[in-house]
Amino acid sequence: MSQQENPSSLRLQILTCHLAASSRNMASEKEAALAAVPSDSRTIFDKIINKEIPAKVVFEDDKVLALRDIAPQAPTHILLIPKVRDGLTGISKAEKKHCEILGRLLYTAKLVAKQEGLDDGFRLVINDGPNGCQSVYHLHIHLIGGRQMNWPPG
Ligand code: AMP
């Protein structure tokens, strides 16, 4: 059994994410979402893409949707998501066939950063799996900016 399949190990990882989130004063919505278990089922992003629930969309084309994060971690915090998940529950599931959409997401991040006036820089983040504190299993890139970032990340 892999570490990720072991329920005790997974609970420990979720708790670790929870504590890390608390120590950084992250929103409780985020902490609750960290209880998510890796899965292929529909996510909240499908509902946003299908306009079943509202979102603050800042960019949309035929392949990519960019929306403001509901629990922003910086003055600008935008999520870039592929409109069709096509098995991309996370970046660790990427296959060669996904190269085009992955490149498109990165290029769109640059366009949106420009649109948001992030001329002094920004950060792109992809969380993956329990250790990466991923909470929504539909690949997305966080575009974060509007303040000085720190390194190393939490
Ligand atoms: P991750 O933890 O990397 O999987 O990121 C998921 C992100 O989705 C978190 O930053 C959440 O705040 C964000 N999020 C969850 N639900 C919504 C929503 N309805 N609208 C906008 N952002 C959301």
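If you're wondering where the values come from, they're calculated on a predicted model, not measured in any experiment. (Residues numbered from 1 in each chain as written. Predicted model: local features only at pLDDT ≥ 70, side-chain atom pairs only at ≥ 80, totals over all residues. Heavy atoms only, no water.)

1. A closer look at the overall build of the protein
Scanning the protein from N- to C-terminus turns up four helices and five strands. Secondary structure of the protein in N-to-C order comes out as α-α-α-β-β-β-α-β-β. Within the protein, buried positions represent 40% of all 154 residues. A sequence separation of at least 24 residues applies to 57% of the contacts in the protein between residues at least 6 apart. Of the roughly 9100 Å² that the protein leaves accessible, carbon and sulfur atoms contribute 54%. (Helix = DSSP H or I, 4+ residues; strand = E, 2+ residues; numbered from the N terminus. Buried < 20%, exposed > 50% of the residue type's maximum accessible area, 1.4 Å probe, protein only. Contact = heavy atoms within 4.5 Å. Areas by Shrake-Rupley, 256 points an atom, 1.4 Å probe, with all protein chains shown as cover.)

2. Things to note about helix 4 (residues 99-115)
The end-to-end C-alpha distance of helix 4 is 24 Å, a good match for the 24 Å that 17 residues give at a rise of 1.5 Å each. Where helix 4 is concerned, the buried positions are Ile101, Leu102, Leu105, Thr108, Ala109, Val112 and Ala113. When helix 4 is viewed along its axis, its buried side chains cluster within an angular range of 140° and face the same direction. Across from the buried face of helix 4, at angles greater than 90 degrees, the exposed residues are Cys99, Glu100 and Lys114. Against strand 1 (57-60), strand 2 (64-68), strand 3 (76-82), strand 4 (122-125) and strand 5 (141-145) lie the buried residues of helix 4. In the segment just after helix 4, glycine 117 is the residue with positive phi, at about 75°. (Expected span 1.5 Å × (residues − 1). Arc of directions from axis to C-beta.)

3. So, unusual backbone geometry
The peptide bond linking tryptophan 151 to proline 152 adopts the cis configuration, its omega dihedral lying at 5°. Examined against the element boundaries, proline 152 turns out to sit in the segment after strand 5. Positive phi is not limited to glycine here, since aspartate 86 has a value of about 50°. Of note, cysteine 133 is a non-glycine position whose phi angle comes to about 60°, a positive value. Along the chain, cysteine 133 falls in the loop between strand 4 and strand 5.

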